[in-house]
Amino acid sequence: MKLLHKDIEKDNAGQVTLMPEEAEDMWHTYNLLQVGDSLRASTIRKVQTESTTGSVGSSRVRTTLTLCVETIDFDSQACQLRVKGTNLEENQYVKMGAYHTIELELNRKFTLAKKSWDSIVLDRIEQACDATQKADVAAVVMQEGLANVVLVTPAMTLLRAKVEVTIPRKRRGSCTQHEKALERFYEAVMQAILRHINFDVVKCILVASPGFVKDQFITYLYKEAVRQDNKILLENRPKFMLVHSSSGHKYSLKEILSDPTVTSRLSDTKAAGEVKALEDFYKMLQHEPDRAFYGVAHVEKAADALAIDTLLISDKLFRHQDVPTRSRYVRLVDNVRDNGGNVRIFSSLHVSGERNFMVSPLACVQDKPGPPNPHTLKE
């Protein structure tokens, strides 16, 4: 994401002009948009024209519209964002107040205006425009006949390719069909890796499977790399790391990132840090329940008592359409940060935030005498 222009007044009203450069930027934009915002962007409009003879024709024209946002639709698989609203500035093609849907496009700038820019939204822009925060972890989660190639970015978990090949069973006296199918499967997975993983950016590629599937695949990968003299694979050989997983499905990714050997290797990546923070909270809840708080009322009381060491919160809460509710969560985050606490905002499309029960803030309080446990207080 590129920040082209920023104009925010002292009362926090103002506008920014941004240009999305890759699919993940659409997810960031989705989190920036709220109902009631003003969005100005280039779009296609179908226009009907009537000639002097009375015949009616239609054509598609490109024009720039400013909409008052009413509906926001994000497709997480295709990373496409559509925004529907009413036109605020009349032009030769669209009347004032007419409805239109803008589909935001990569490498086309848009201007977003808000009556109030809060700290969470400004942090989101900073994160989206930070060139270092890209997909630094890739994973190939596989089992016999099934493989998922996944990119783990700081904001979301992107399924880039799913490889499925039917593997016939071994027959007595002949394994030829089984071995040929396995070879086709491994070849398809190798091509998916070369097509979807940018080795210049990715620091580590996790290859995970139950049993010995991962070992057989890596043996095949290196043998083919030598045979084909594939310099990309040969030069990046140290980036591959073999890990055990219970299955070849995407949900096994959380289990993989929780593995101590993986977290030590990925200590400098945001993905591993978020998974570890969540695991630490659940351990604390089990062994030191007096220091683990959940539920917005209890967490707010701990924050008011300056007792929070780490606050875990889902970005889903900041997309709440009720302004007072959203403002409540923003104040909570600002309060914790102002008092020296750590805040981790989990993406609902990230492997660490894909748990359905991340519907309220979680907090770990400091390990020292503090306020009475809010769990014992009446709300």
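Parameters at a glance
- Residue numbers restart at each chain and count upward from 1, following the sequence in its written direction.
- Owing to the predicted nature of the model, reporting of local features is limited to residues with pLDDT of at least 70; listing and counting of side-chain atom pairs is limited to 80 or more, with chain, interface and lining totals taken over all residues.
- Computation of side-chain values covers all heavy atoms of the structure but excludes hydrogens and water.
- UniProt positions are given in the numbering used here, feature names are shortened, and annotations may be inferred rather than shown by experiment.
- Note on pairing: DSSP must find at least two bridges between two strands before they are called paired.
- Put simply, DSSP H or I for four residues or longer makes a helix, DSSP E for two residues or longer makes a strand, and each gets a number counted from the N terminus.
- Orient the strands so they point away from the viewer, and a crossover whose first-strand-to-second-strand path over the helix runs clockwise is right-handed.
- Fitting a line to C-alpha atoms yields each axis, with helices limited to the stretch in contact; the angle taken between N-to-C directions then spans 0 to 180 degrees.
- In this analysis the probe radius is 1.4 Å and the grid spacing 1 Å, with only protein atoms considered; a cavity is a set of points the probe fits into but cannot get out of, a pocket is an open set with protein on both sides within 12 Å along at least five of seven lines, and lining residues have an atom within 4 Å of a point.
- Grid points are joined across faces, edges and corners, and a volume is the space filled by probe spheres set on the points.
- Residues are grouped as follows: Ala, Val, Leu, Ile, Met, Phe, Trp, Tyr, Cys and Pro are nonpolar; Asp, Glu, Lys and Arg are charged; all remaining types, including Gly, are polar.
- These domain limits were set by an automatic method or by a database of domain assignments.
- When a carboxyl oxygen of Asp or Glu is within 4 Å of a side-chain nitrogen of Lys or Arg, the pair counts as a salt bridge.
- Whether a residue is buried, partly exposed or exposed follows from its accessible area with a 1.4 Å probe, protein chains only, as a fraction of its type maximum: under 20%, in between, or over 50%, in that order.
- In what follows, roughly perpendicular refers to angles from 65 to 115 degrees, roughly parallel to angles under 35, roughly antiparallel to angles over 145, and oblique to any angle outside these ranges.
- Here, two residues are considered to be in contact whenever any of their heavy atoms come within 4.5 Å of each other.
- Any pair of N or O atoms that falls within 3.5 Å is considered a polar contact. Within protein, one atom must be able to donate a hydrogen and the other to accept it, and sequence-neighbouring residues count only if both atoms are side-chain atoms.
- In summary, the pairing rule links any two rings of Phe, Tyr or Trp, Trp by its six-membered ring, whose centres are within 6.5 Å, and it sorts them by plane angle into stacked for under 30 degrees, edge-to-face for over 60 and tilted for everything else.
- We call a charge positioned over a ring when the NZ of a Lys or the CZ of an Arg lies within 6 Å of the ring centre and within 35 degrees of the ring normal.

Labelled according to an unreviewed UniProt entry, the protein chain appears under the name Protein pelota homolog, originating from Sparus aurata. Word for word, the UniProt comment on the protein chain under Cofactor (unreviewed entry) is "a divalent metal cation".

A. How the structure looks around the pairing of strand S15 (residues 342-346). By the bridge criterion, five bridges tie strand S14 (residues 308-314) to S15 in an arrangement that is parallel. The residue bridging Thr310 from the neighbouring strand is Asn342, located in S15. You can see the chain leave S14, run along helix H10 (residues 323-338) and come back into S15, and the turn it takes is right-handed.

B. Fine view of the sheet that holds S15. If you trace the four strands from one edge of the open sheet to the other, you get S13-S16-S14-S15, paired in mixed fashion. Edge positions in the sheet fall to strand S13 (292-294) and S15, since each of these pairs with one other strand and no more. Averaged over all pairs of adjacent strands, the angle between strand axes in this sheet comes to 15°, irrespective of strand direction.

C. Examining the layout of surface pockets more closely. Counted as a void, the second largest pocket has a volume near 360 Å³. In this structure, the second largest pocket is lined by 15 residues; those nearest its centre are Gln34, Asp37, Ser116, Val323 and Arg326. With four residues, the top contributor of residues to the lining of the second largest pocket is H10. In terms of residue class, the lining of the second largest pocket is made up of four nonpolar, six polar and five charged. The residues that make up the lining of the second largest pocket include at least three from each of domain 1 (2-129) and domain 3 (270-366).

D. Main features of the pattern of salt bridges. Counted by the stated rule, this structure contains 15 salt bridges. Across the salt bridge formed by Glu103 and Arg82, the nearest N and O atoms sit 3.5 Å from each other. Here Glu103, found in strand S6 (residues 99-103), pairs with Arg82, found in strand S5 (residues 80-87); they are 21 residues apart in sequence, far enough to count as distant. By relative accessible area, Arg82 is classed as partly exposed at 30%. With a closest N to O distance of 3.4 Å, Arg319 and Asp315 form a salt bridge. On the basis of relative accessible area, Asp315 is assigned to the buried category, the value being 2%. Each of Arg62, Glu105 and Arg108 takes part in salt bridges that share partners, so that together they form one network.

E. View of the packing of helix H3 (residues 176-196) against helix H4 (residues 213-228). One way to put it is that H3 packs onto H4 with a least axis distance of 10 Å and a crossing angle of 70°. With respect to H4, the element H3 is oriented roughly perpendicular. Counted together, Glu183, Tyr186, Glu187, Val189, Met190 and Ile193 of H3 and Val213, Gln216, Phe217, Tyr220, Leu221, Glu224 and Gln228 of H4 form the full contact between these two elements. Residues belonging to the contact of H3 with H4 are distributed by class as follows: eight nonpolar, two polar and three charged.

F. Summary view of the sheet that holds strand S11 (residues 204-209). With mixed pairing, the five strands of this open sheet are ordered in space as S10-S9-S8-S11-S12. If you trace the sheet from one side to the other, it starts and ends with strand S10 (157-164) and strand S12 (240-244), each paired once. Averaged over all pairs of adjacent strands, the angle between strand axes in this sheet comes to 20°, irrespective of strand direction. Strand direction decides the pairing type here: S11 and S12, joined by five bridges, are parallel. Paired with Ala208 across the two strands is Val243, which belongs to S12.

G. View of the side chain of Lys214. Its place among the elements puts Lys214 in helix H4. Separated by 3.0 Å, the side chain of Lys214 and the backbone oxygen of Gly211 make a polar contact. When near neighbours in sequence (up to four residues on either side) are disregarded, Lys214 contacts Val207, Ala208, Ser209, Leu242, Val243 and His244.

H. Expanded view of the packing of aromatic side chains. For the structure on display, the rule yields nine aromatic pairs. On the numbers, 5.8 Å between centres and 40° between planes, the contact of Tyr186 with Tyr220 is tilted. In this pair, Tyr186 is assigned in helix H3 and Tyr220 in helix H4, connecting sequence segments 34 residues apart. Tyr186 sits in the buried class, given a relative accessible area of 5%. Between Phe199 and Phe240, the ring centres sit 6.4 Å apart and the planes meet at 45°, which makes this aromatic pair tilted. Residue Phe199 is found in the loop between H3 and S11, and its partner Phe240 is found in strand S12; the two are separated by 41 residues along the sequence. Side by side, Phe199 and Phe240 carry an identical accessibility label, which is buried. Through a chain of ring-to-ring contacts, three or more aromatic side chains come together here, namely Phe185, Tyr186, Phe217 and Tyr220. The ring of Trp117 carries the charged tip of Lys114 above its face, separated from the ring centre by 5.6 Å. Sitting above the plane of the Tyr222 ring, Arg237 keeps its charged end 3.8 Å from the centroid.

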